[in-house]
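# Coordinates in review
The lines below spell out each chain.
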Amino acid sequence: MAITSLDPGPGAAALQAWGGQMAAFGSNETVVDKVLPDMLHLIDPHWHQFPPMNPLWHGLLGFVIGVLGFISVTGNGMVVYIFTTTKSLKTPSNILVVNLAFSDFLMMFMMAPPMVINCYNETWVFGPLACQLYACAGSLYGCVSIWTMTMIAFDRYNVIVKGIAAKPMTINGALLRVFFIWAFSLAWTVAPLFGWGRYVPEGNMTACGTDYFDQSVSNMTYILLYSIACYYAPLFLIIYSYFFIIQAVAAHEKAMREQAKKMNVASLRSSDSANTSAECKLAKVALMTISLWFMAWTPYLVINYAGIFKTMTISPIVTIWGSVFAKANAVYNPIVYGISHPKYRAALYARFPGLSCQSAPEDTGSVASAATATEEKPSA
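Presented here is a report on the structure given in the accompanying data block. This one's a predicted model, so the numbers in the text were calculated from it and none came from an experiment. (Residues numbered from 1 in each chain as written. Predicted model: local features only at pLDDT ≥ 70, side-chain atom pairs only at ≥ 80, totals over all residues. Heavy atoms only, no water.)

## Thoughts on the nonpolar core
Among the nonpolar cores identified, the biggest contains 83 residues, and Trp47 and Tyr212 are the most heavily contacted of them. Of all the secondary structure elements, the ones that give two or more residues to this core are helix 2 (55-85), helix 3 (92-121), helix 4 (127-160), helix 5 (171-189), strand 1 (199-201), helix 6 (217-263), helix 7 (271-309) and helix 8 (316-338). Beyond its immediate stretch of four places on either side in the chain, Tyr212 contacts Trp47, Glu202, Ile223, Ile303, Asn304, Gly307, Ile308, Ile314 and Thr319. (Core = buried A, V, L, I, M, F, W, Y, C linked by side-chain atoms within 4.5 Å. Buried < 20%, exposed > 50% of the residue type's maximum accessible area, 1.4 Å probe, protein only. Helix = DSSP H or I, 4+ residues; strand = E, 2+ residues; numbered from the N terminus. Contact = heavy atoms within 4.5 Å.)

## Topic: the pattern of salt bridges
One pass over the structure, following the stated rule, counts three salt bridges. A salt bridge links Lys34 to Glu122, with the nearest nitrogen and oxygen atoms 2.6 Å apart. Within this pair, whereas Lys34 is found in the loop between helix 1 (9-23) and helix 2, its partner Glu122 is found in the loop between helix 3 and helix 4, the two being separated by 88 residues in sequence. On the basis of relative accessible area, Glu122 is assigned to the buried category, the value being 19%. Ionic pairing is found between Arg198 and Asp211, a salt bridge with its closest N-O pair at 2.8 Å. In this pair, Arg198 sits in the loop between helix 5 and strand 1 while Asp211 sits in the loop between strand 2 (208-210) and helix 6, placing the two residues 13 residues apart along the sequence. (Salt bridge = Lys/Arg side-chain N within 4 Å of Asp/Glu carboxyl O.)

## Comments concerning the packing of aromatic side chains
Taken as a whole, this structure holds 25 aromatic pairs when the rule is applied. On the basis of an interplanar angle of 70° and a centroid distance of 5.2 Å, the ring pair of Trp124 and Tyr134 is categorised as edge-to-face. Note that Trp124 is positioned in the loop between helix 3 and helix 4 and Tyr134 in helix 4, a separation of 10 residues in sequence. Its relative accessible area of 2% is what places Trp124 among the buried residues. Taking relative accessible area as the criterion, Tyr134 reaches 6% and is therefore assigned buried. (Phe/Tyr/Trp six-rings, centres within 6.5 Å; stacked < 30°, edge-to-face > 60°.)

Written out as structure tokens, the structure reads:
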């Protein structure tokens, strides 16, 4: 009997298409094959040994970055809006908090949409110049965030360790610190645009970052010195500050307990000690945020060091985790810093009751610096 039709039908055709797509992972195709011609000169030969990434990875990465971007832009935008429009929150200390939220807002506002589009296309589609600017922006906002946290740690040190002997931080002093942070960070992150270091596409080909395979003296010295300036130095300064903060708090609490025991009372808490307690709470929040920053950026540092020192084989999948961890840091701050701030919660309840984390406004003490607390008191 003759066969009159060889049409396999739509279901079989779909299976054949999927099979052809999956066959690429076992063929001679590489992760570089979809890279546009104008980007090829930026691709390190290291990536030519890897097969194309499964499209599911691109889809998953694009979805995660899209969600993180929405949460970060909304959350940090809310923090900036509440802190800049609420009179009781316009304090020197909170200028640093606003700068932190503003930096994280810009990171995801400018970087999440391009990465989602690139994940859809499974390669970088915006050209070499955009790749350079994208990588520069990521480094800039990351450096601004950690140095802002360092300044916050110094403020906590000034308030808690030095106490009444501390010189109050003023509005102008806070603005000067913010200017220094941005100028210092910009100086380091634009250097690769002028030849010291290099920005290239990451292994997943949907994002750009530092070139950690170039073994030239210029590139290696840039990565090492940049890591010192924007990772190790702030880490050391923060550890130094919090070591003495914890030491001062422990000594204060011990003295309070001993004095209360001598006087046969349960507690010696007064308004001043309540303010000190509020400062300690903010210090704990700052310490948590800083810990999350280092957790987020350490994988990217490890990837860079593994590349320049040849300590491990870096695959395109590994570079995905570096991107996700680094960008997820922009989501933590509005959650940990803003929501943990009593006056922020009260203002959030007043402006947007549906977004608030409490059922009614709280009458809480200021968690700003001692300078602010002093300024709010009437003079004698």
